[in-house]
Amino acid sequence: MTTQVLPQNWLETILIRTVRKEDLPALEWGGEFSHFRRVYAEAYERSLQGYSVLWVAELPENGIIAQVFIQLNCNRKELADGIHRAYLYSFRVHPDFRNHGLGSLMVRHVEKDLIRRGFQRLTLNVAKNNLDALRLYLRLGFRIVAAEPGIWSYVDDKGIRQTVEEPAWRMEKKLL
């Protein structure tokens, strides 16, 4: 995607929908995130089993320009317990479309869906050095509840285990 002038009402044309299997290559954003190919495939499989919901924002003529994944249940109950608390992760807006309200639109969409499902709280982890995201979450009503070491690992597209150390803040928002 290239930087472009957006029409004034472009946000009104956004379609926020769940991920389809054929969307998975587009989540790699032209190879920038191909190292997460297996992560995306595993998340998609969990969504088919009802453990998560994967959302994308699609703009006509541009395709997928944002994504956000919601874990409904996981082994860390303080993040997602399958009943009251869900966990937001892998939230990304393409740089060409940032700072126009798309991130807020997507979070509000997720919140409405979770309320409909009976969830009462939404949690997330944000890297301590990601000040733009931190400001967004604070503006949307999240509050910092704990520090997280932010150490996690994944198997990349070449089959090699990668470990990431990204100290983070755990944030939470009451939905009801």
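All figures in this text were calculated on a predicted structure; none of them were measured in a lab.

Asker: Can you walk me through helix α1 (residues 37-48) in this structure?
Answerer: For α1, with 12 residues, the first-to-last C-alpha span of 17 Å sits near the 16 Å given by 1.5 Å per residue. Listing the buried residues of α1 in full gives Y40, A43 and Y44. For α1, the buried positions fall inside an angular range of 100° around the axis, keeping them on one side. As for α1, its buried residues are in contact with β2 (52-59), β3 (63-71) and β4 (85-93).

Asker: Explanation requested: unusual backbone geometry in the structure shown.
Answerer: For residues other than glycine, phi is negative in most cases, and the peptide bonds are mostly trans. Of note in this structure, W29 is not a glycine but carries a positive phi near 50°. Structurally, the position occupied by W29 is in the loop between β1 (15-18) and α1. At S90, a residue that is not glycine, the phi angle is positive and equals roughly 50°. Residue placement: S90 occurs in strand β4.

Asker: Mind showing me how you'd approach the nonpolar core here?
Answerer: For soluble globular proteins, the rule of thumb is that nonpolar side chains tend to be buried together. Counting residues in hydrophobic clusters, the biggest one holds 35 residues, and the most contacted among them are I70, L88, F91, L102, L114 and Y137. When contributions to this core are tallied by element, the ones reaching two or more residues are β2, β3, β4, α2 (102-116), β5 (121-127) and α3 (131-139). Considering each element in turn, this core owes the most residues, five residues, to α2. Apart from the residues lying within four places of it in its own chain, the contact partners of I70 are Y51, S52, V53, W55, A86, Y87, L88, Y89, V110 and L114. By size, the runner-up hydrophobic cluster in this structure holds 19 residues, among which are V19, L24, L54 and A80.

Asker: Explanation requested: the pattern of salt bridges in the structure shown.
Answerer: One pass over the structure, following the stated rule, counts 14 salt bridges. With a closest N to O distance of 2.8 Å, E111 and K173 form a salt bridge. Remark: K173 occurs in strand β9 (residues 168-174) and E111 occurs in helix α2; sequence separation between them is 62 residues. Across this residue pair, the class does not change: E111 and K173 are buried. Of the charged contacts in the structure, one is a salt bridge between D113 and R117, with a shortest N-O distance of 2.7 Å. According to the relative accessible area criterion, D113 is buried, its value standing at 9%. One network of salt bridges, in which partners are shared, links R76, E78, E148 and R170.

Asker: Please explain the layout of surface pockets as it appears in this structure.
Answerer: Picture a little ball the size of a water molecule; that probe, rolled over the atoms, points out where space is still empty. Of the voids in this model, the largest pocket is the one considered here, and its volume is about 1,800 Å³. What lines the largest pocket is a set of 49 residues, and nearest its centre among them are Y89, S90, F91, N125 and E166. Element by element, the count of residues in the lining of the largest pocket is highest for β4, at seven residues. Here the lining of the largest pocket is composed, by residue class, of 27 nonpolar, 12 polar and 10 charged.

Asker: What is the right way to read the sheet that holds β2 from this model?
Answerer: Across a sheet, strands are paired by hydrogen bonds formed along the backbone, either parallel or antiparallel in direction. One open sheet accounts for seven strands, arranged β1-β2-β3-β4-β5-β9-β6; its pairing is mixed. Strands with a single pairing partner mark the edges of an open sheet, and in this sheet they are β1 and β6 (143-148). If you compare each strand with its neighbour and ignore which way they point, the axes differ by 30° on average. Pairing analysis gives five bridges linking β6 to β9, with the strands arranged antiparallel.

Asker: In this structure, what is going on with the environment of F33? I would like to understand it.
Answerer: With respect to the helices and strands, the residue F33 is situated in the loop between β1 and α1. Beyond its immediate chain neighbours, meaning those up to four positions away, F33 contacts L27, E28, Y40 and R92.

Asker: I'm lost on the packing of aromatic side chains in this one. Help?
Answerer: Remark: the centre distance and the inter-plane angle together describe each pair of aromatic rings, the angle taken between the planes. A full pass over the atoms with the stated rule returns 12 aromatic pairs. The interplanar angle of 80° and the centroid separation of 5.6 Å between the aromatic rings of W29 and F33 together place this pair among those described as edge-to-face. Of the residues examined, W29 reaches a relative accessible area of 11% and is grouped as buried. We classify F33 as buried; its relative accessible area is 13%. Ring geometry for Y137 and F142: centres 5.7 Å apart, planes at 70°, overall edge-to-face. Across this residue pair, the class does not change: Y137 and F142 are buried. Within the aromatic cluster, the residues linked to one another by ring pairs are W29, F33, F36, Y40, F69, Y87, Y89, W152 and Y154. Taking NZ or CZ as reference, R92 lies 5.9 Å from the ring centre of W29, over its face.

Reading the values: the criteria
- Residues numbered from 1 in each chain as written.
- Predicted model: local features only at pLDDT ≥ 70, side-chain atom pairs only at ≥ 80, totals over all residues.
- Heavy atoms only, no water.
- Helix = DSSP H or I, 4+ residues; strand = E, 2+ residues; numbered from the N terminus.
- Expected span 1.5 Å × (residues − 1).
- Buried < 20%, exposed > 50% of the residue type's maximum accessible area, 1.4 Å probe, protein only.
- Arc of directions from axis to C-beta.
- Contact = heavy atoms within 4.5 Å.
- Core = buried A, V, L, I, M, F, W, Y, C linked by side-chain atoms within 4.5 Å.
- Salt bridge = Lys/Arg side-chain N within 4 Å of Asp/Glu carboxyl O.
- 1 Å grid on protein atoms, 1.4 Å probe; cavity = no way out; pocket = protein on both sides within 12 Å on 5 of 7 lines; lining within 4 Å.
- Points joined across faces, edges and corners; volume = space filled by probe spheres on them.
- Nonpolar A, V, L, I, M, F, W, Y, C, P; charged D, E, K, R; others polar.
- Pairing = 2+ DSSP bridges.
- Axes fitted to C-alpha atoms, helices over the stretch in contact; angles between N-to-C directions.
- Phe/Tyr/Trp six-rings, centres within 6.5 Å; stacked < 30°, edge-to-face > 60°.
- Lys NZ or Arg CZ within 6 Å of the ring centre and 35° of its normal.

The values reported here are purely geometric and, on their own, carry no functional implication.
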